[in-house]
Amino acid sequence: MGNSRRILRGVLASAVLFWGCRSAQTPEPQRQNSESEGAETAPSSQTVAVTAPTLAARQLENGVFSFEIDGTRIYQITDAEMNYESRYLFSDVPEEVMKQHNVPSDQVLLTWTHPLIKVGGKNVMLDVGGGCGGEGVRGFMSEADHSTTRVDLLQDNLKAIGLTADDIDAIVVTHAHTDHINGLLNENEEVLFPNATIYISKVEWDFWNDLDPETIEDPLRRKAITGLKEGALRHFAKIESQVVYIDEGDRQELFPGVFTEPAYGHTAGQIMVSVGSG
């Protein structure tokens, strides 16, 4: 029961209740010129820890930023620009506090970005986003204005740096929520990264396989966990032949200068990735 509760921290905030892909097209929003706004700062990411003191990020395209850490080139690649209802993200935050920090009371636009690390001649992705499954947020966040929501952008944004899914050598899955792994498959449930070795925590893999949602008493939580498990196992079945497990333990060097370590809490087996010389 304790692990199930940990999984639920951020279930609503992450909007990960995606049960399938839809082919509806998303309108192109009016975009501001980032050359003058925010071009010095890379989009935030939950999957990479920066060990260098200062970074100057360069925007290559609307959905791609580039920077270096200790000589390692990293690209931040956007998969989605998602409108969330503020009440799901800030349900416990007093309205006056939100005003102090200029947080809109109705909705906020968040960007899903995923690092691609160029290391040792390999292209290594950290998670792959929600893919076409991101469309499910429209129904889940039904009160948000989705005129500026855009999903399933990763493949096009890879092209901006001269890559396709076939060029990805490795994918590190930080955790198996569907906004991080749905992009592994296309709308026909086919593997999108056929040449990639997929690294995932053995703790995470086993947790989703062993979890019994029926043991969860609260019906809303049980429904949420059931959906998350179904999504995880559907993807696990398709990628299993490509998977290499990251064993439980302390900090490990997966690639030169690229380290993984346990970061349990958001999910039972989540890992974090850091890049740097030490």
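Scope of this entry: the structure provided in the associated data block. Remember, it's a predicted structure, so these values are computed and weren't measured experimentally.

## What to know about the nonpolar core
Piece 1. Membership of the largest hydrophobic core comes to 33 residues, with the highest contact counts inside it found for Leu116, Met125, Ile168, Ile171, Leu184, Phe193 and Trp208.
Piece 2. Breaking this core down by element, the ones donating at least two residues are strand E4 (72-85), helix H6 (154-159), strand E7 (170-173), strand E8 (197-201), helix H8 (202-210) and helix H9 (219-239).
Piece 3. The dominant element in this core, judged by the number of residues it contributes, is H9, at five residues.
Piece 4. When near neighbours in sequence (up to four residues on either side) are disregarded, Met125 contacts His114, Pro115, Leu116, Leu154, Leu158, Ile168, Ala170, Ile171 and Val172.
Piece 5. Among the nonpolar cores identified, the runner-up in size contains 16 residues, and Phe67, Ile117, Val119 and Ile271 belong to it.

## Some points on the packing of aromatic side chains
Piece 1. Following the criterion strictly, the structure yields four aromatic pairs and no others.
Piece 2. Ring geometry for Trp205 against Tyr245: centres 5.6 Å apart, planes inclined by 70°, an arrangement best described as edge-to-face. Here Trp205, found in helix H8, pairs with Tyr245, found in strand E9 (residues 243-246); they are 40 residues apart in sequence, far enough to count as distant.
Piece 3. Feature note: the residues Trp205, Phe236 and Tyr245 constitute an aromatic cluster, connected by ring pairs.
Piece 4. In this arrangement the basic side chain of Lys202 is found over the ring face of Tyr245, its NZ or CZ atom lying 5.2 Å from the centre.

## Some points on the pattern of salt bridges
Piece 1. Enumeration according to the criterion identifies nine salt bridges in this entry.
Piece 2. Residue Arg87 pairs with Glu85 through a salt bridge whose shortest N-O separation is 2.7 Å.
Piece 3. A relative accessible area of 3% means that Glu85 is categorised as buried.
Piece 4. For Lys99, the salt bridge is made with Glu95, and the minimal N-O distance between the two is 3.9 Å.

## Quick word on H9
Piece 1. The end-to-end C-alpha separation of H9 is 30 Å, in line with the 30 Å expected for 21 residues at 1.5 Å each.
Piece 2. For H9, the complete set of buried residues consists of Ala224, Ile225, Gly227, Leu228, Lys229, Gly231, Ala232, His235, Phe236 and Ile239.
Piece 3. The backbone nitrogen of Arg221 has a side-chain oxygen 2.9 Å away, supplied by the residue at the start of H9, namely Asp218.

## Description of the environment of Ile271
Piece 1. Structurally, the position occupied by Ile271 is in strand E12 (residues 271-275).
Piece 2. Look at Ile271 and you get buried, because its relative accessible area is 6%.
Piece 3. Sequence spacing of Ile271 and Ile246 is 25 residues, and the spatial spacing of their C-alpha atoms is 9.2 Å.
Piece 4. Contacts of Ile271, omitting those with residues within four sequence positions, involve Val172, Val173, Thr174, Ser201, Ile246, Thr260, Glu261, Pro262 and Ala263.

## What about the environment of Ala224?
Piece 1. If you trace the backbone, Ala224 turns up in helix H9.
Piece 2. For Ala224, a relative accessible area of 7% corresponds to the buried category.
Piece 3. Note: C-alpha distance between Ala224 and Pro213 (11 residues apart in sequence) is 9.0 Å.

## Digging into H8
Piece 1. Along H8, the residues classified as buried are Glu204, Trp205, Phe207 and Trp208. For H8, the buried positions fall inside an angular range of 165° around the axis, keeping them on one side.
Piece 2. Taking the backbone nitrogen of Val203 as reference, a side-chain oxygen 3.1 Å away marks Ser201 as the first, capping residue of H8.

## Points about the pairing of strand E3 (residues 64-69)
Piece 1. Judged by how many residues are buried, E3 sits mostly within the fold: five of six residues are covered.
Piece 2. Direction of pairing for E3 relative to E4: antiparallel, over a ladder of six bridges. Residue Phe65 lies in a different strand from E4, and its bridge partner there is Gln76.
Piece 3. Counting the residues in the hairpin turn of E3 and E4 gives two residues, including Asp70, whose phi is positive at 50°.

## Brief notes about the packing of H8 against H9
Piece 1. As a packed pair, H8 and H9 sit with axes 9 Å apart at the nearest point and diverge in direction by 120°. It follows that H8 is oblique to H9 by the angle criterion. Considering the relative orientation of H8 and H9, their crossing is left-handed. Residue-level inspection shows Trp205, Trp208, Asn209 and Asp210 of H8 in contact with H9, the latter providing Ile225, Leu228, Lys229, Ala232, Leu233 and Phe236.
Piece 2. Split into classes, the residues belonging to the contact of H8 with H9 amount to seven nonpolar, one polar and two charged.

## With respect to the side chain of Gln107
Piece 1. Among the secondary structure elements, Gln107 is positioned in strand E5 (residues 107-119).
Piece 2. Side-chain polar atoms of Gln107 contact the backbone nitrogen of Asp145, separated by 2.7 Å.
Piece 3. If we skip the residues at most four places from it in the chain, Gln107 touches Asn83, Tyr84, Glu85, Ser86, Ala144 and Asp145.

Definitions and cut-offs
Residues numbered from 1 in each chain as written. Predicted model: local features only at pLDDT ≥ 70, side-chain atom pairs only at ≥ 80, totals over all residues. Heavy atoms only, no water. Core = buried A, V, L, I, M, F, W, Y, C linked by side-chain atoms within 4.5 Å. Buried < 20%, exposed > 50% of the residue type's maximum accessible area, 1.4 Å probe, protein only. Helix = DSSP H or I, 4+ residues; strand = E, 2+ residues; numbered from the N terminus. Contact = heavy atoms within 4.5 Å. Phe/Tyr/Trp six-rings, centres within 6.5 Å; stacked < 30°, edge-to-face > 60°. Lys NZ or Arg CZ within 6 Å of the ring centre and 35° of its normal. Salt bridge = Lys/Arg side-chain N within 4 Å of Asp/Glu carboxyl O. Expected span 1.5 Å × (residues − 1). Polar contact = N/O pair within 3.5 Å; in protein donor to acceptor, adjacent residues only side chain to side chain. Arc of directions from axis to C-beta. Pairing = 2+ DSSP bridges. Axes fitted to C-alpha atoms, helices over the stretch in contact; angles between N-to-C directions. Parallel < 35°, antiparallel > 145°, perpendicular 65-115°, else oblique. Left-handed = near helix turned anticlockwise from the far one by under 90°. Nonpolar A, V, L, I, M, F, W, Y, C, P; charged D, E, K, R; others polar.

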